[in-house]
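Structural features, examined
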Amino acid sequence: MSDVKSDESAKQWFNRRRIRWAVRNLFRFAVLIVLLQQMRSWDTAYVAYLVSAASPFVALASMVSAGGFGLMVLSGLFVTAITLVHRRWFCHWMCPTGLLADMATRVGRQCGRSCPKVTPFGQWIVLLTLFGALLGYPMFLWLDPLALLSSSLAIFAGVSGAALWLSAVGILLLLLLSVAWPGVWCQRICPLGATQDLLARGSQVVRREGVAFVTRVDRSTPVDNRPGMSRRFVLGAVVGVGWAAAARVVIGKKTHCIRPPGALEEARFVGLCVRCGNCVRACPTDILKPDILQHGVASLMTPVVEFDRDYCREDCVRCTTVCPSGALWHLALGDKVNARIGLARVAPDICLLTEDRECSACRNSCPFEAITYLWSDVEYMLTVKIDPSQCPGCGACEVACPTTPTKAIVVVPS
Amino acid sequence: MGDSFSRRDWLRMIGATGVAAGLGASGATDATAQESGFQSSVIAEHEVQANRASPSMIGDKVIQPRRELPVLHHTDVLVVGGGPAGICAALAARRAGADVTIVERYGHFGGLWTGGLVLLVIGHIIEGGKQVCQGIGEEMMRRLDKMDGAIIDRRPGVNPTVDAEAVKYLMVEMIEQANLKVFLHCWGVDAIVNGDAVQGAVFESKSGRQAILAKVVIDATGDGDLFAAAGAEYQHRAHNIGLVSRVGNMDRIDMDRIDAAKASGTRKPRYLGIHTPVAGVNWANMRGPEADGLDVEVLTRLELAHRKFIWKNMQKVRKTPGYEQVYLVETAPQLGVRITRVLDGLSSVTRKDLKAGTRFTDVVGVGGACSREHGAWQIPYGALVPRKIDNVLAAGRCISVDMRMADLVRLIPNCFVTGHAAGVAAAVAVQDGCRPRDVDVPKVQKILKDQGAYLG
């Protein structure tokens, strides 16, 4: 806990603080437990996914970047509304990452470490990100503490190898930082905390000018009132927008990998994806994998679709319902056919039909009836024909195709 | 059965104009033949056939008068069609204690397996290499194992390839050992139906149009000719129709000349199929265009076109450097019709059930995969039973199946499985004196297992 109280009667405060401390930590522990419910069956898991969507930082960036908000963003906006009144309310009462960081902080303090006086990086991060979001590339969104924690749940979800290490590295660094410089994450770096500070500052200004009807004076330490805030805004805007523009040019609009259904255009998706791993864990067929540098640095740890074992089921939109940032736009089941993630393509030279083999695997497995076999009287042979208007790139054909080692029909990014 | 003919039945069969003709003549045949020492001597004085109720023109229509059909045979279980499904059905019913008769349109058994030269036995294994096709089908393969040059690639998880002549021989042997009544060269053309109950079938052969009366008929025609004639509901589908051929001297291909030709950019010839138990001989499949296998004009057109293509293609192959010695051994006697009619049964084999891994209480068989791509799928007894018509069961590719599963159901091992199930069910129905739809399924399942079938 970070509260540094000075002049009040120590004895009186001792009891109240102790009790409040216990209750707050109980709340945060409860939220952590709820978050862990993701590992249970889908029916009980949805609330758990809502936790990682509760961040005002992500909610605001998502609204700015995606130009609207999905279902999950609502829970973030709810928290935003509360933080306008109670600064850092989220940190104290809800943040499960904060709970862990506090524990690390305690360890650090007991080792005699202390927090250096450093500039509040967090507000820079928020400003850069939100201004970047204006151009669709909120660059530090992935630093959201809930996303960092959520990402590390990959260990329970069958993710292995480099992806597993990468998914946990964020939270581990966070905890190490908190041990080395106790409180530095929560106070100085955490963009979620900084978002709350900025929001509170805004509402305080409003209050001070007497517009608001809120009478209660903020009870914690005064927020950053130093002159230079406006300069910080301008600088944040320029760098954020510039960076975002550069990122979009570099990443481009074309997708080089297959994204989950409902994904925004590539540059926007890569920017808005918080790398929380919710979609990877929600996928019932385990076809979503965190990208470990196969498709460039910008795409690191974003979800990509791999059809090596199963395909994107026609009766499932789970990943789109658990995305906290709206990088995957929420889809209704009926829209699945229109949410193209790729397009099937045939390699005629290895297709078994050219050998007159008795294979109809792709046609018979296609849930969208997008595949037909055409007979040619000249070649005296069948060829696979794919109707692009019917093919959403679900990969059922690729999974079913019996050719090895290369599949004769594969889904390519559309 | 003749005793139970009522006067009304009799009149109905004779009809208004028909007079029984030819009955007397056929009775005299055997005696006369034995007396004559000459092969081409006169067998019998035939009656002048003026009264045999031939079709005649009435106005501009050809009318077939009503007439009595000679009854060739009485039996418990009549199996129409001697392909993989029919043979398994007949053997299973016989082993389950029924009196069985099997009728085949060609002069040999095996259907598309032999006459169609579909030599690769795909569909008996599933994901993980487990073999799900057991029972009589597996028994046949084991007997082929013991024969010289009859089957190759009999390894776990691999699809074996057979020799058609070995299979033809084996089936004769098994049918004789089982003491089945057999009629070859008989084309089942109609069902004998009373109300919704089938009582037998009508055949055309060199002996004319004759009837076989039976308690249960198993339709193993592949095209569902019998249940369709009996009035059962079915779907009529188009599928690829091809013609298989065998190619010889594949072991005399000159690789050096091929390599030389490749350097000069000569195009490789069309795929020449896969190996068979006969050294140097490959069998080459053909998918063919999607067409209606019940339309005689379509069948004729495709038969002609396919034969022309196979011959001309072989000329091209022989002009390709390195392939000069390759030659066409034979084209299949029987056109490769894949799917025509499929029954509209009490239940169905569906893709959905395959994906869900549905287990049926009335399971009578487990089907395999084209290669090893998916798990086992159960075949419910209801898929063999017509919705409305009684005393007829479907076996083989014409059982009740959805479009996407038809490509699995029609595979040879899966035809073994459905044939086996239909045979046992028919025998149980006869023994218990019930309609096949009311058959005691657990009893059928038990007998199937006793006969070595795998039910999951």
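Residues numbered from 1 in each chain as written. Chains lettered and ligands numbered in written order. Predicted model: local features only at pLDDT ≥ 70, side-chain atom pairs only at ≥ 80, totals over all residues. Heavy atoms only, no water.

1. Focus: the overall build of chain B
Filter applied, for reference: Only DSSP runs of H or I covering at least 4 residues are called helices, and only runs of E covering at least 2 are called strands; the numbering of each starts at the N terminus. Each residue is assigned to one of three classes by its accessible area relative to the maximum for its type, calculated with a 1.4 Å probe on protein chains only: buried under 20%, partly exposed between the two thresholds, exposed over 50%. The protein chains shown are the only cover counted for residues, whose accessible areas, like all others here, come from Shrake-Rupley with a 1.4 Å probe.
In terms of helices and strands, chain B carries 12 helices and 22 strands. Considering chain B as a whole, with its 456 residues, one finds that 54% of them fall into the buried category. In the form shown here, chain B has an accessible surface area of approximately 20,800 Å², with 51% of it arising from carbon and sulfur atoms.

2. What to know about the pattern of salt bridges
We apply this condition: Basic side-chain nitrogens of Lys or Arg form a salt bridge, by our definition, when they fall within 4 Å of a carboxyl oxygen of Asp or Glu.
Within this structure, the stated rule accounts for 37 salt bridges over all chains. Where Glu358 of chain A meets Arg338 of chain B, a salt bridge forms, and the shortest distance between an N and an O atom there is 2.5 Å. Of this pair, Glu358 of chain A sits in the loop between strand E3 (343-346) and helix H16 (361-365) while Arg338 of chain B sits in the loop between strand E18 (336-337) and strand E19 (341-343), each in a different chain. Arg209 of chain B is paired through a salt bridge with Asp190 of chain B; the nearest N and O atoms lie 3.9 Å apart. Note that Arg209 of chain B is positioned in strand E10 (residues 208-219) and Asp190 of chain B in strand E8 (residues 187-194), a separation of 19 residues in sequence. We classify Arg209 of chain B as partly exposed; its relative accessible area is 25%. A single network of salt bridges, built from pairs that share partners, joins Glu358 and Arg363 of chain A together with Glu290, Arg338, Asp407 and Arg410 of chain B.

3. What to know about the environment of Arg237 of chain B
All names here are of chain B. Inclusion rule: Pairs of residues are marked as contacts when any of their non-hydrogen atoms sit within 4.5 Å.
Here Arg237 is to be found in the loop between strand E11 (234-236) and strand E12 (239-242). Exposure remark for Arg237: the relative accessible area of 8% places this residue in the buried category. Placed 102 residues apart in sequence, Arg237 and Ile339 show a C-alpha to C-alpha distance of 6.6 Å. Setting aside anything within four residues of it in sequence, one finds Arg237 in contact with Ile339, Thr340, Val342, Val401, Asp402, Met403 and Ala406.

4. Some remarks on the packing of aromatic side chains
As a reminder of what qualifies: For this analysis, a ring pair means two rings from Phe, Tyr or Trp (six-membered ring only for Trp) whose centres lie within 6.5 Å, classed as stacked if their planes differ by under 30 degrees, edge-to-face if by over 60, and tilted for the remaining angles. Charge-over-ring placement is defined geometrically: NZ (Lys) or CZ (Arg) within 6 Å of the ring centre, and within 35 degrees of the ring normal.
Scanning all chains against the criterion turns up 6 aromatic pairs over all chains. Look at Phe140 of chain A and Trp142 of chain A: their rings are 6.4 Å apart centre to centre, the planes differ by 55°, and that puts the pair in the tilted class. Taking the centre distance of 4.1 Å and the plane angle of 10° together, the rings of Tyr380 of chain A and Phe309 of chain B count as stacked. Taken together, the positions of Tyr380 of chain A in the loop between strand E4 (371-376) and strand E5 (381-386) and Phe309 of chain B in helix H8 (residues 296-319) put the pair across two chains. With relative accessibility at 6%, the residue Tyr380 of chain A sits in the buried group. Through pairs of rings, three or more aromatic residues link up here, namely Trp375 and Tyr380 of chain A together with Phe309 of chain B. Geometry around Trp187 of chain B places Arg105 of chain B over its ring, the cationic atom sitting 4.1 Å from the centre. Over the ring of Tyr234 of chain B we find Arg341 of chain B, and its NZ or CZ is 5.3 Å from the ring centre.

5. Examining helix H11 (residues 412-432) of chain B
Working note: α-helix, 3.6 residues per turn, so residues spaced by three or four point in the same direction. All names here are of chain B. Condition: Residue count minus one, scaled by 1.5 Å, sets the expected span of a helix.
In this model H11 runs 30 Å from its N-terminal to its C-terminal C-alpha over 21 residues, within 8% of the 30 Å that 1.5 Å per residue would give. Across the 21 residues of H11, 19 count as buried, placing the element largely inside the fold. Where H11 ends, the next residue or the one after it, Gly433, has phi of about 60°, a positive value.

6. Things to note about helix H4 (residues 73-85) of chain A
Residue and element names in this part refer to chain A. This is how it is decided: By definition, the arc is the one covered by directions from the helix axis to the C-beta atoms.
Helix length check: H4, at 13 residues, gives a terminal C-alpha distance of 19 Å against a target of 18 Å (1.5 Å per residue), a fit within 8%. Taken residue by residue, H4 has Val73, Ser75, Gly76, Val79, Thr80 and Thr83 as its buried positions. Across the axial projection of H4, the buried residues extend over an arc of 155°, all falling on one side.

7. Let's talk about the nonpolar core
Defined as follows: To qualify as a nonpolar core, a set must consist of buried Ala, Val, Leu, Ile, Met, Phe, Trp, Tyr and Cys residues joined through side-chain atoms within 4.5 Å.
Counting 129 residues, the largest nonpolar core has Trp113 and Met140 of chain B as its most contacted members. The biggest single contributor to this core is H11 of chain B, with 13 residues. Setting aside residues no more than four positions away along its own chain, Met140 of chain B makes contact with Ile87, Cys88, Trp113, Leu170, Met171, Met174 and Phe416 of chain B. Met139, Ala194, Ile341 and Ala408 of chain A belong to the second largest nonpolar core, which has 60 residues in total.

8. Quick word on a nonpolar patch on the surface
Definition in use: What goes into a patch is any residue over 30% in relative accessible area without a salt bridge, connected to like charges within 9 Å or, for nonpolar side chains (Val, Leu, Ile, Met, Phe, Trp, Tyr), within 5 Å.
A surface patch of nonpolar side chains, about 570 Å² in accessible area, is lined by Phe233, Val234, Leu235, Val238, Val239 and Trp243 of chain A. Assessed through its relative accessible area of 46%, Trp243 of chain A is described here as partly exposed.

9. Details of the sheet that holds E18 of chain B
Residues and elements named next belong to chain B. The test is simple: Pairing between strands requires that DSSP locate at least two bridges from one strand to the other.
Taken together, 3 strands build an open sheet; the order of strands is E16-E12-E18 and the sheet is antiparallel. Strands with a single pairing partner mark the edges of an open sheet, and in this sheet they are strand E16 (290-291) and E18. Sheet analysis places E12 next to E16, joined by 2 bridges and oriented antiparallel. Paired with Asn240 across the bridge in E16 is Glu290.

10. What about the side chain of Arg259 of chain A?
Residue and element names in this part refer to chain A. As a reminder, the rule being used: What qualifies as a polar contact is a pair of N or O atoms within 3.5 Å, subject to a donor-acceptor requirement within protein and to the restriction that residues adjacent in sequence count only when both atoms come from side chains.
With respect to the helices, strands and loops of the structure, Arg259 is situated in the loop between helix H12 (229-251) and helix H13 (266-272). Here Arg259 falls in the buried class, since its relative accessible area comes to 4%. Separated by 2.7 Å, the side chains of Arg259 and Glu266 make a polar contact. At a separation of 2.8 Å, a polar atom in the side chain of Arg259 contacts the side chain of Thr302. Setting aside chain neighbours within four positions, we find Arg259 in contact with Glu266, Phe269, Val270, Ser299, Thr302, Pro303, Val304, Val305 and Ile341.

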